[in-house]
Amino acid sequence: MMLTQLPVLRSSRRPWERGYVRTVIGLDFITSLVAGVIAYYARFGEPSSQNPRWEYLALGACLPLLWLAAMAAARAYEARFLSVGFEEFRRALVAAVVVIATVATGSWATKAEIARGYVLVALPVATLLTLLGRYLVRKWVHRKRRHGLFMSDVLLVGHGRAGAELARQMRGDIHHGMRIVGACVPGGSTDLIPLDVPVLGGLEDVDFALRVTGADAVAVLPCPEMDGPALRTLSWSLAKSGIDLLVAPALIDVAGPRIAIRPVCGLPLLHVDEPQLAGGRRVAKALLDRLVALTALIVLAPLLVAIALAIRLTSPGPAIFRQARTGWQGREFTMWKFRTMVRNAEALRSSLEDLNRHATGELFKIAVDPRVTRLGRWLRRTSLDELPQLVNVLRGQMSLVGPRPLPVTDRRYDGEARRRLFVKPGLTGLWQISGRSDLDWEESVRLDLRYVEQWSLALDALIIWKTMFAVVKSRGAY
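Overview of the structure. These numbers come from a predicted model, not from an experiment.

What about the overall build of the chain?
Summing up its helical and strand segments, the chain has 16 helices and 11 strands in all. Taken across its 478 residues, the chain has 43% of its residues classed as buried. For the chain, restricting intrachain contacts to residue pairs at least 6 apart in sequence, the fraction spanning at least 24 positions comes to 71%. With the model as given, the accessible surface of the chain reaches about 25700 Å², and the carbon-plus-sulfur share is 63%.

Encoded structure:
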């Protein structure tokens, strides 16, 4: 693959990226300065002329400089870590811990008498405000990306089938900020490439395609033509151009701590650990599930009783709907929900098969289901109908976060669907925060498999956090 040296593009290609970094730095400076002011007032109150505590005013002024230095040392200002993923927040937390350790060690080594109340307020507040500020800026960028702004233009290089899948993924997750502007495939074939993605030639035409599209990133897909020497040549040609080189592995939906680069015989090989589906983390998850479920049932008891009474008073039939579902390792259990349909809803299902918008797979969802009662429609929109599943969580049949509970059918779940049964089904999950009933069967299976492959307590906390916003938006809730 012969590529000419491309011009340097980084200085002018992404002005929004540089502005984003400057904004984050400015926010970190302001939040750490505010934290110092809050700590001063919390510990000493209003400054007085008799004892203004100049040393703490000076310490509050120096805190932003120490804070920014720690963030920079933790590489929390690198653009590739910003706007998506958990890595930005992890690095910010690491920097905060470093500052806390530095202050503690420095005060001990110099025997400086620093008021512990000041430190105990300033540093935690600075950490919380920093994370909050970065989160708000990230959400603002995501809103801009929904309108086509703050995007990176990506050129696909590789086979058509993998390109079509990557194009679908990028368009479904627009907040990642990548927009496909062209493709270079072996032989220039247009097979399996989406019609609106122009094919600009073969693998030997990458330099031409970059000049035509102005792309600032190249995504190399798995294919035998892009072997080690070809990929190395491409990386050399892009080294000084500022164009990012992204290599998509053949292994998908696996990320995070399970993947590490291991040098073997001079080759960077991906080392993939098996998903940790047992052991201490599973025990911790189960204990946390039951503790949260028990607490929620006690706190929400008046609301649960009120909803049950409202259901009984507005439509004939029981307040609780019970349905057999397939759970962990294929074990059948009875799932509880508030009844949102008329009493004979199951008998009426056969007459509505033609309206089922998810006819492929095991899902049966209709946007406007005539069997749903007026109260049931409101319960579904607010997800309050799922609260009785806390009983299933308390009994160990479900988890707070997990794959969608599968219906019980006469057919066995095999292949990818079977993999979902390796963990307990969840009250919420990736499907809940990604569209809920708007998803088709294949997309639902893909999201559940992603959860099984990547699950961790941190991912559970993130899903629960995003679930609150998904419930407020009511997208796909019917």
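Description of the sheet that holds strand S10 (residues 406–407)
If you walk across this open sheet you meet the 3 strands as S8-S7-S10, and the pairing is antiparallel. At either margin of the open sheet sits one strand with a lone partner, and together these are strand S8 (332–338) and S10. Relative to S8, strand S7 (residues 320–326) is paired through 7 bridges, and the arrangement is antiparallel. Each residue of the ladder has a partner; that of Phe321, found in S8, is Lys337.

Some points on the packing of aromatic side chains
Under the criterion given, the structure shown has 4 aromatic pairs. Relative to Tyr41, the ring of Tyr40 lies with its centre 6.2 Å away and its plane at 75°, an arrangement referred to as edge-to-face. Residue classification places Tyr40 among the buried positions, given a relative accessible area of 4%. The partly exposed category is assigned to Tyr41, whose relative accessible area is 42%. Ring geometry for Tyr135 against Trp465: centres 5.9 Å apart, planes inclined by 75°, an arrangement best described as edge-to-face.

So, the pairing of strand S3 (residues 217–220)
Taking every second residue as pointing to the same face, both faces of S3 are buried, with Ala217 and Ala219 on one and Val218 and Val220 on the other. In this structure, strand S1 (residues 152–157) lies alongside S3, joined through 4 bridges in parallel fashion. Paired with Leu156 across the strands is Ala219, a residue of S3. Bridging between S3 and strand S4 (residues 244–247) involves 4 bridges; their strand directions are parallel. Counterpart to Val220 in the pairing with S4 is Val247.

Quick notes on the sheet that holds S3
If you walk across this open sheet you meet the 4 strands as S2-S1-S3-S4, and the pairing is parallel. Either end of the sheet is taken by a strand with one partner, and the two such strands are strand S2 (178–184) and S4. Across the sheet, the mean angle from the axis of one strand to that of its neighbour is 25°, orientation sign disregarded. Its contacts with the sheet put helix H7 (residues 206–213) on S1, S2 and S3, and the angle it makes with S1 is roughly 155°.

Some words on unusual backbone geometry
Excluding glycine, a negative phi dihedral is what most residues carry, and trans is how most peptide bonds are arranged. Notably, Arg75 is not glycine yet its phi reads approximately 60°, a positive angle. Among the secondary structure elements, Arg75 is positioned in the loop between helix H3 (54–73) and helix H4 (87–110). A residue is classified by how much of its surface remains accessible, and Arg75, at 34% relative accessible area, is partly exposed.

Thoughts on the nonpolar core
In this structure, Tyr20, Trp67, Met71, Tyr77 and Tyr118 are the most contacted members of the largest nonpolar core, which totals 30 residues. Elements with a minimum of two residues in this core: helix H2 (15–44), H3, H4 and helix H5 (116–145). Element by element, the count of residues in this core is highest for H2, at 8 residues. With near-sequence residues (within four places) excluded, Trp67 lies in contact with Asp28, Ser32, Ala96, Val99, Leu123, Ala126, Thr127 and Thr130. Among the nonpolar cores identified, the runner-up in size contains 28 residues, and Leu304, Leu379, Leu387 and Leu430 belong to it.

Details of the pattern of salt bridges
Taken as a whole and judged by the stated rule, the model has 9 salt bridges. A salt bridge links Arg75 to Glu78; its shortest N-O distance comes to 2.6 Å. Across the pair Lys285 and Asp460 runs a salt bridge, and its minimum N-O distance is 2.5 Å. One end of the pair, Lys285, is in helix H9 (residues 280–299); the other, Asp460, is in helix H16 (residues 457–473), and 175 residues separate them in sequence. You can call Asp460 buried: its relative accessible area is 7%. Each member of the salt-bridge network shares a partner with another, and the members are Asp28, Glu88, Arg134 and Arg138.

Points about the side chain of Arg339
Inspection of the secondary structure assignment puts Arg339 in the loop between S8 and helix H11 (345–348). Arg339 sits in the buried class, given a relative accessible area of 6%. The residues touching Arg339, leaving out its near neighbours within four places in the chain, are Ile311, Ser315, Pro316, Gly317, Pro318, Ala319, Ile320 and Phe321.

Reading the values: rules and limits
- Position labels on residues start from 1 in each chain and follow its written sequence.
- Only residues with pLDDT of at least 70 get local features here, since the model is predicted, and only at 80 or more are side-chain atom pairs given and counted; chain-wide, interface and lining totals rely on the full set of residues.
- Hydrogens and waters are ignored; side-chain quantities use all the structure's heavy atoms.
- Secondary structure elements follow DSSP: runs of H or I no shorter than four residues count as helices, runs of E no shorter than two count as strands, and numbering proceeds from the N terminus.
- Categorising residues by exposure relies on relative accessible area from a 1.4 Å probe, with only protein chains included: less than 20% of the type maximum marks a residue as buried, more than 50% marks it as exposed, and the intermediate range marks it as partly exposed.
- We call two residues in contact when some of their heavy atoms are within 4.5 Å.
- Computed with a 1.4 Å probe, the accessible areas rest on the Shrake-Rupley method; for each residue, only the protein chains presented here act as cover.
- Here, strands pair whenever DSSP counts at least two bridges between them.
- Aromatic rings from Phe, Tyr and Trp, taking only the six-membered ring of Trp, are treated as a pair when their centres fall within 6.5 Å; an angle between ring planes under 30 degrees marks them as stacked, one over 60 as edge-to-face, and anything in between as tilted.
- Lines fitted to C-alpha atoms define the axes here, with helix axes fitted over just the stretch in contact, and angles between the N-to-C directions of these axes take values from 0 to 180 degrees.
- Residues belong to one nonpolar core when they are buried, are Ala, Val, Leu, Ile, Met, Phe, Trp, Tyr or Cys, and are joined through side-chain atoms within 4.5 Å.
- We define a salt bridge as a contact between a side-chain nitrogen of Lys or Arg and a carboxyl oxygen of Asp or Glu at a distance within 4 Å.

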